[in-house]
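Examination of the molecular architecture
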Amino acid sequence: MNPFDGSGSPRCEDAERRDGSRCPWARFSCWLECVCVVTFDLELGQAIELVYPQDVKLTEKEKTSICYLSFPDSYSGCLGDTQFSFRLRQSVGRRAARTREDVYNRDAPVTLQTEASHFFGFVYFRQVKDVSVKRGYFQKSLVLVSRLPYTHLFHSLLQLVAPEFFEKLEPCLETVCHEIDQWPSPVPGMTLNLPVMGVVLQVRIPSKSDKPGGSPVRAVALQELLPAPTLLPTIHELDLFKCFQPVLVHLQMLWELMLLGEPLVVMAPSPTVSSETVLALISAISPLKFCCDFRPYFTIHDSEFREYTTRTQAPPNVVLGVTNPFFIKTFQSWPHVLRIGEIKMAGDLPKQVKVKKPSKLKTLDTKPGVFTSFRSFLHKDKILIKRILKGIQRKRPSEVQSAIIRRHLLELTQSFIIPLERYMASLMPLQRSVTAWKTPPQVRPFSQDEFMSTLEHTGPQLTSMLKGDWMGLYRKFFRSPNFDGWFRQRHKEMTQKLESIHLEVICDSDLLGWTKEKSEVEIVDLILKLREKLVKARRQQLQVRDDVVEKLDDFIHSIIQSLPEDLQTVLNTQ
């Protein structure tokens, strides 16, 4: 069996076979790639004890990465139960996203689309004293591997499953995997009930059409369920108040660093703090997609360690979360390093880390701080800090504080991106310029100078009170991977929209009348071009009127019937 067949396992692309039966593990693979159990072997070190489903094919490189990323390093001293996340690069050769994932990605927000070239890992690690074990400690991790960035959902699932698994081991895991294989597929916009281990988790899968920063999820009684469902208000959002506590006064600067895709290392005392901080940082520019690489937890054993730590070239556009003190020396040449201590949810605002010059990052006992020479383009938002401080004084719940921070960051990102969206929309050709008998017009080129000239009247000042060098921020943003990713996505959407309009215009035109005055060569050429457009429309999941594809298929069929038999035979066999 080819280890790279499909998604790495011999599963069907669609949950249903043509005969109506369901492929094994098809629904499971909508949610998870696999579940791994990683243990500590005295001779081998970290080793994969079990992979489920058993037909999943992971390469040796992927297995090694999962092993190292599933255990906190020895400096963290994590006793008891620890949860954290990681992200690893898939081996070269895996097939790109399948049709089902293309449909999901079409309707999902860009920040929640499936990863084509990376896996997410969600870890529940247990380390407890055990005299029956040679080392004196029981050390094991249960890891969910997925292409979906559903951080909150998968960590909530681990909290249910892992404690039971550590007691009952493999039979428990097999039962859970079979339960997940009964779950409905994650469809954007749908509220789903997900039964597991006697509990029903109720979740809503966000959709691209959702209003950003909309109301929290409310329980939906799809049917009378016993037991009553446990509502998860989000599948992916983090507790931003907790994550950003030591850096609240620097939130503005950190948002700019993320927006510009600057190289950043987060040095934390544990994989939990490391991964939560990195994921919180990249979510700060939502609904804009963070298009650079990011590793919530990164170790010296990572296959990209040399690539990311070489000093022969400038640091790559990546956000790394690390816990090993060795990295202090390794990353001394990096332009931005955030060193934080253990996060404690106390009654007062924790001590805020200070901004220091990168040259101060030298010794192993370096105190927490933001080590950077970066100068923010925008002024600090003092109103936000006052609101958060007032909330602390009034003992406002953490989820409310998080909502205030999330709303602030959303409004900041929207103020920045709306002028770009408005200008991009102006590059779209008018609908009346699309005609049936010509290739659809192209989107006009993006001119940075032309865009900058629009800012005086339609810039961020219309929606944001923040003062500062917005123009300088845009100029630097144009050189970042985040602009490139945003532009490519918007250009692709606009080009597909033009293709959809073109198909609808062709459908509404008098095709039969056109063919009456044309030669057989011209008619065959039209048939071949229409077929090509329909294949492209189906492959790209173009959103056109329901009747368009069917009507054009019927037209092609009827035109072929009117041609001589020899041509009919040729065209019908293509």
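Everything quoted here is computed from the prediction, not taken from an experiment.

Quick notes on the overall build of the protein
Within the protein, the regular secondary structure consists of 19 helices and 14 strands. Looking at the protein residue by residue over its 574 residues, the buried ones come to 49%. In the protein, the proportion of contacts linking residues at least 24 apart, taken out of those at least 6 apart, comes to 73%. Of the roughly 28,700 Å² of accessible surface on the protein, a fraction of 53% belongs to carbon and sulfur atoms.

So, the pattern of salt bridges
Applying the stated criterion to the full structure yields 28 salt bridges. The residue Glu60 makes a salt bridge to Lys63 at a minimum N-O spacing of 3.7 Å. Linking Glu60 with Lys63, this pair stays in helix α2 (residues 60–69), spanning 3 residues, or about one helical turn. Taken together, the shared-partner salt bridges connect Arg87, Arg89, Glu115, Asp293, Arg295, Asp302, Glu304 and Glu307 into one network.

Focus: the sheet that holds strand β9 (residues 264–267)
Read across the open sheet, the 6 strands follow the order β10-β11-β9-β12-β14-β13; overall the sheet is mixed. The open sheet has two free edges, formed respectively by β10 (293–295) and β13 (354–356), since each of these has just one partner strand. Adjacent strand axes in the sheet meet at a mean angle of 15° when their direction is disregarded. As judged from the 4 bridges shared by β9 and strand β11 (residues 318–322), these two strands associate in the parallel manner. Across the sheet, Leu264 pairs through a bridge with Val319, a residue of β11. Where helix α7 (residues 251–259) meets the sheet, it contacts β9, β11, β12 (336–339), β13 and β14 (369–372), and its direction lies at approximately 45° from that of β14. Running at roughly 160° to β11, helix α8 (residues 271–283) makes contact with β9, β10, β11 and β12 of the sheet.

Here's the deal with the environment of Val505
Position of Val505 among the secondary structure elements: in helix α15 (residues 481–508). Residue Val505 is classed as partly exposed on the basis of its relative accessible area of 25%. Excluding its chain neighbours within four sequence positions, the residues that come into contact with Val505 are Val434, Thr435 and Ala436.

Observations regarding unusual backbone geometry
In this model, Tyr52 is joined to Pro53 through a cis peptide bond whose omega is -5°. Tracing the chain through its elements places Pro53 in the loop between β2 (45–52) and α2. Cis geometry marks the peptide bond from Ser286 to Pro287, where omega comes out at 10°. With phi around 50°, Met197 is a residue other than glycine that occupies positive phi space. When you line up the elements, Met197 lands in the loop between β6 (191–196) and β7 (199–204). We note that Lys395 has phi near 55°; this positive angle belongs to a residue other than glycine. Note on placement: Lys395 falls in the loop between α11 (382–393) and α12 (398–426). Assessed through its relative accessible area of 73%, Lys395 is described here as exposed.

Quick look at the side chain of Thr82
For Thr82, the position within the fold is in strand β3 (residues 80–89). A relative accessible area of 8% places Thr82 in the buried class. Among all residues touching Thr82, those that are not within four sequence positions of it are Val123, Tyr124, Phe125 and Thr272.

A look at the packing of aromatic side chains
Two measures describe an aromatic ring pair: the distance that separates the ring centres and the angle between the ring planes. The final tally for this structure, using the stated rule, is 37 aromatic pairs. Ring centres of Phe84 and Tyr297 lie 5.3 Å apart, and the angle between their planes is 75°; on these two criteria the pair is classed as edge-to-face. With Phe84 in strand β3 and Tyr297 in the loop between β10 and α9 (305–309), this pair connects stretches of sequence that are 213 residues apart. Relative accessible area serves as the criterion here: at 1%, Phe84 is assigned to the buried category. Ring plane angle 35° and centroid distance 6.0 Å describe the contact between Phe483 and Trp486, whose orientation is recorded as tilted.

Focus on the packing of α15 against helix α17 (residues 520–539)
In contact at an axis separation of 11 Å, α15 and α17 are set at 135° when each is read in the N-to-C sense. Taken together, the axes of α15 and α17 are oblique relative to one another. The element α15 and its partner α17 pack so that their crossing is left-handed. Residues Glu499, His502, Leu503 and Ile506 of α15 form the contact with α17, whose own contacting residues are Leu530, Lys533, Lys536 and Ala537. Here the contact of α15 with α17 is built from residues that sort into 4 nonpolar, 1 polar and 3 charged.

As for the pairing of β14
Side chains on a regular strand alternate between the two faces of the sheet. Alternating positions in β14 separate into two faces, Gly369 and Phe371 on one and Val370 and Thr372 on the other, with burial throughout. Where β12 and β14 come together, 4 bridges link them in antiparallel fashion. Residue Arg339 lies in a different strand from β14, and its bridge partner there is Gly369. Here β13 runs beside β14; their pairing, made up of 3 bridges, is parallel. Bridging across to β14, Val355 finds its partner in Val370.

Topic: helix α13 (residues 448–458)
Listed as buried for α13 are Phe451, Met452 and Leu455. Here the buried residues of α13 occupy an arc of 100° about the axis, which is enough to place them on one side. Pointing more than 90 degrees away from the buried face of α13 are the exposed residues Asp449, Ser453, Glu456 and His457. Buried-residue contacts for α13 involve α12 and α14 (470–477).

Brief notes about the sheet that holds β3
One open sheet accounts for 5 strands, arranged β2-β1-β5-β4-β3; its pairing is antiparallel. Only two strands of the sheet have a single partner each, and these edge strands are β2 and β3. For this sheet, the mean angle separating the axes of adjacent strands, direction not counted, is 25°. In the sheet, β3 pairs with strand β4 (residues 118–129) via 10 bridges, with the strands oriented antiparallel. Residue pairing in the sheet places Ser85 in a bridge with Phe122 of β4. Contacts from helix α5 (residues 170–180) reach β1 (34–41), β2 and β5 (137–146), with the element oriented near 50° to β2.

With respect to empty space enclosed by the protein
By the definition in use, this model includes 1 cavity of 30 Å³ or more. By volume, the largest cavity amounts to about 50 Å³. In terms of lining, the largest cavity is formed by Val35, Leu142, Leu144, Leu158, Val161, Leu173, Val176, Cys177 and Ile180. Within the residue set of the lining of the largest cavity, elements represented by two or more residues are β5, α4 (151–168) and α5. With 4 residues, the single largest contributor to the lining of the largest cavity is α5. Looking at the lining of the largest cavity residue by residue, the class counts come to 9 nonpolar, no polar and no charged.

So, how was this worked out
- Residues numbered from 1 in each chain as written.
- Predicted model: local features only at pLDDT ≥ 70, side-chain atom pairs only at ≥ 80, totals over all residues.
- Heavy atoms only, no water.
- Helix = DSSP H or I, 4+ residues; strand = E, 2+ residues; numbered from the N terminus.
- Buried < 20%, exposed > 50% of the residue type's maximum accessible area, 1.4 Å probe, protein only.
- Contact = heavy atoms within 4.5 Å.
- Areas by Shrake-Rupley, 256 points an atom, 1.4 Å probe, with all protein chains shown as cover.
- Salt bridge = Lys/Arg side-chain N within 4 Å of Asp/Glu carboxyl O.
- Pairing = 2+ DSSP bridges.
- Axes fitted to C-alpha atoms, helices over the stretch in contact; angles between N-to-C directions.
- Phe/Tyr/Trp six-rings, centres within 6.5 Å; stacked < 30°, edge-to-face > 60°.
- Parallel < 35°, antiparallel > 145°, perpendicular 65-115°, else oblique.
- Left-handed = near helix turned anticlockwise from the far one by under 90°.
- Nonpolar A, V, L, I, M, F, W, Y, C, P; charged D, E, K, R; others polar.
- Arc of directions from axis to C-beta.
- 1 Å grid on protein atoms, 1.4 Å probe; cavity = no way out; pocket = protein on both sides within 12 Å on 5 of 7 lines; lining within 4 Å.
- Points joined across faces, edges and corners; volume = space filled by probe spheres on them.

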